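Coordinates in review
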Amino acid sequence: MGVTKRAGRATVRDIAAETGVSIATVSRVLNQHGSVAPQTRELVEAAVERLGARAPSPRGGLPKPVTGAVYVRCPYVLTDYFGLIVSSIAETLDRHGRQLVLNAGEATEHDQVLPRLPAQRDLAGAILILPPETSDELIQLRARRFPFVVVDPRTPLPRNIAAVSAAHFAGARQITAHLVGLGHTRIGVIGGPSEWLASDARLGGHAAALADAGILPDPALVRPIQPTTEHGHRAAGQLLDLPDRPTALIAFNDKAAVGALQAATARGLSVPRDLSIAGFDDLDLSQATSPTLTTVRQPLQEMGRMAVSLLIRLLDRHELEALHVELATELVVRNSTAPPLVGSYPRGLRRD
């Protein structure tokens, strides 16, 4: 029969009794010494996760930094958005003399990689970009004392998991305030997936800007989508076909905004004369559209650099006071937004 977890944390002796290995071996695993067989290390780490053991403080001065490569998981196509983050991470790791092991591409999204990471002794830690794994899975990885940082988490994380993201709430508030300032009161939102943390934050920022102007949010003007051009086109079409259509649209990202531009053109609407459209991210794409997109700039490269900085501090055994870091966004006003036309006119028709 296994050892029952005591009130509070289990001791090294509890872990030794649970696994059948010596107390000295348990201590070597908890202090991340290399002279332990992989199978034994996995056995002890699994017991640590079950019983909630806390590693003893290393003796003899300052703890040694963790050596090894950094595993970067980005289960998406490395286009502008993700490519900028990954490239920045790679360049920054190189400056720190760290090798990078990359796990990328949509085919890897459902790979069960996290449980295997602590057992790979050549890995020092990991950076997980918009990880599809649940909060519970990330908490379990943290319980195994494997150092990692999350970039742009999908779901809420406890404070002891290091994370870096853009200020989604503030960015959305900026773009909505810009449109309200132009005179728009009926603003459609092509939001991101409803289960994403960024989606909730941006809707909150949008609602806050409306409240500042004394405008009540209208749930009928919100369409959550997968943030692609195709889905943006479809969602924008639904909003523009409403009997009382919005005079402005805010898209979750620049790709969805491009889809909205296409939907407006298909309905004979001129942007920004008949309809204002804004995006989010400030990718190169936003300056290649006609008209160029008003958008919110996310500091994508700085997010990558900050993720590496946080991870290096974890690997050097430094204490982190600010484990959840939000980087400022910036409103970039271009040609796709303007004051709304005065008066009303039939849906789908331009007013001359």
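Residues numbered from 1 in each chain as written. Predicted model: local features only at pLDDT ≥ 70, side-chain atom pairs only at ≥ 80, totals over all residues. Heavy atoms only, no water.

Okay, the packing of aromatic side chains next. Applying the stated criterion to the full structure yields three aromatic pairs. Their ring planes at 80° and their centres at 4.9 Å tell us that Tyr-81 and Phe-82 sit as a pair that is edge-to-face. Comparing Tyr-81 with Phe-82, the two get one shared label, buried. Each member of the aromatic cluster is reached from another via a ring pair, and the members are Tyr-76, Tyr-81 and Phe-82. The cationic tip of Arg-202 hangs over the ring face of Phe-252; the distance from NZ or CZ to the ring centre is 4.1 Å. (Phe/Tyr/Trp six-rings, centres within 6.5 Å; stacked < 30°, edge-to-face > 60°. Buried < 20%, exposed > 50% of the residue type's maximum accessible area, 1.4 Å probe, protein only. Lys NZ or Arg CZ within 6 Å of the ring centre and 35° of its normal.)

Per-residue pLDDT for the chain has a mean of 88; in total, 88% of the residues score no lower than 70. Per-residue pLDDT stays below 50 along residues 57-62; that stretch engages in three contacts with residues further than four places along the chain or on separate chains. Low pLDDT, under 50, characterises residues 344-352; the stretch is placed with 20 contacts to residues that sit more than four places away or in other chains. (pLDDT = per-residue confidence, 0-100. Contact = heavy atoms within 4.5 Å.)

With respect to the element layout, Gln-298 can be found in the loop between strand E10 (295-297) and helix H10 (300-315). According to the relative accessible area criterion, Gln-298 is buried, its value standing at 5%. Contacts of Gln-298, omitting those with residues within four sequence positions, involve Tyr-81, Ala-166, His-168, Arg-202, Phe-280, Asp-281 and Met-303. (Helix = DSSP H or I, 4+ residues; strand = E, 2+ residues; numbered from the N terminus.)

With that out of the way, let us pick up the pattern of salt bridges. Where charged atoms from two side chains of opposite charge approach closely, those side chains can pair. Under the criterion given, the structure shown has twelve salt bridges. A salt bridge links Asp-244 to Arg-186; the nearest nitrogen and oxygen atoms lie 3.5 Å apart. With Asp-244 in the loop between helix H8 (229-240) and strand E8 (248-251) and Arg-186 in the loop between helix H6 (168-182) and strand E6 (187-191), the pair connects residues that are 58 residues apart, well separated along the chain. A salt bridge links Arg-297 to Asp-282, with the shortest nitrogen-to-oxygen separation between them at 2.6 Å. With Arg-297 in strand E10 and Asp-282 in the loop between strand E9 (276-278) and E10, this residue pair connects regions lying 15 residues apart in the sequence. Accessibility expressed as a relative area gives 32% for Arg-297, which makes it partly exposed. (Salt bridge = Lys/Arg side-chain N within 4 Å of Asp/Glu carboxyl O.)

It is worth spelling out the sheet that holds E8 at this point. One open sheet accounts for four strands, arranged E7-E6-E8-E9; its pairing is parallel. Of all strands in the sheet, those bounded by a partner on one side alone are strand E7 (222-224) and E9. Adjacent strand axes in the sheet meet at a mean angle of 15°, parallel and antiparallel pairs treated alike. Looking at chain direction, E6 and E7 are connected through three bridges and run parallel. Across the sheet, the residue bridging to Gly-191 is Pro-224, located in E7. Where helix H9 (residues 254-266) meets the sheet, its contacts fall on E6, E8 and E9, and the angle it forms with E9 comes to roughly 160°. (Pairing = 2+ DSSP bridges. Axes fitted to C-alpha atoms, helices over the stretch in contact; angles between N-to-C directions.)

Now for the environment of Arg-145. Within the fold, Arg-145 resides in the loop between helix H5 (135-143) and strand E4 (148-151). A residue is classified by how much of its surface remains accessible, and Arg-145, at 35% relative accessible area, is partly exposed. Sequence separation between Arg-145 and Gly-125 is 20 residues; the distance between their C-alpha atoms is 9.9 Å.

Bringing the pairing of strand E2 (residues 100-104) into the picture now. Inspection of the sheet shows strand E1 (residues 69-74) paired to E2 by five bridges, in the parallel sense. Opposite Arg-73, over in E2, you have Asn-103 as the bridge partner. Following the chain from E1 across helix H4 (residues 80-95) to the adjacent parallel E2, one finds a crossover that is right-handed. (Right-handed = clockwise from strand over helix to strand, strands pointing away.)

Here the focus is the environment of Arg-273. Counting through the fold element by element, Arg-273 comes out in the loop between H9 and E9. Residue class for Arg-273 comes out partly exposed when judged on its relative accessible area of 33%. Distance in space between the C-alpha atoms of Arg-273 and Leu-341 is 7.2 Å, their sequence separation being 68 residues.

Moving on, we come to H4. An ideal rise of 1.5 Å per residue puts 22 Å on 16 residues; H4 measures up with 22 Å between its terminal C-alpha atoms. By the burial criterion, the buried members of H4 are Tyr-81, Phe-82, Gly-83, Ile-85, Val-86, Ser-88, Ile-89, Thr-92 and Leu-93. Residues of H4 that are buried sit in contact with E1, E2, strand E3 (123-129), E4 and H10. Two residues or fewer past H4, Gly-97 is found with a positive phi of approximately 70°. (Expected span 1.5 Å × (residues − 1).)

This part covers the nonpolar core. With 36 residues, the main nonpolar core has Ile-85, Ile-89, Ile-127, Ile-129, Val-151 and Met-303 as its most contacted residues. Breaking this core down by element, the ones donating at least two residues are E1, H4, E3, E4, strand E5 (162-166), H10 and strand E11 (324-327). Counting residues per element, this core draws most heavily on H10, at eight residues. Look past the residues within four positions of Met-303 in its chain and what remains in contact with it is Tyr-81, Ile-85, Val-151, Asp-152, Val-164, Ser-165, Ala-166, Gln-298 and Leu-327. In terms of nonpolar packing, the next biggest core, distinct from the first, is built from 21 residues, Ala-251, Leu-269, Leu-275 and Leu-293 among them. (Core = buried A, V, L, I, M, F, W, Y, C linked by side-chain atoms within 4.5 Å.)

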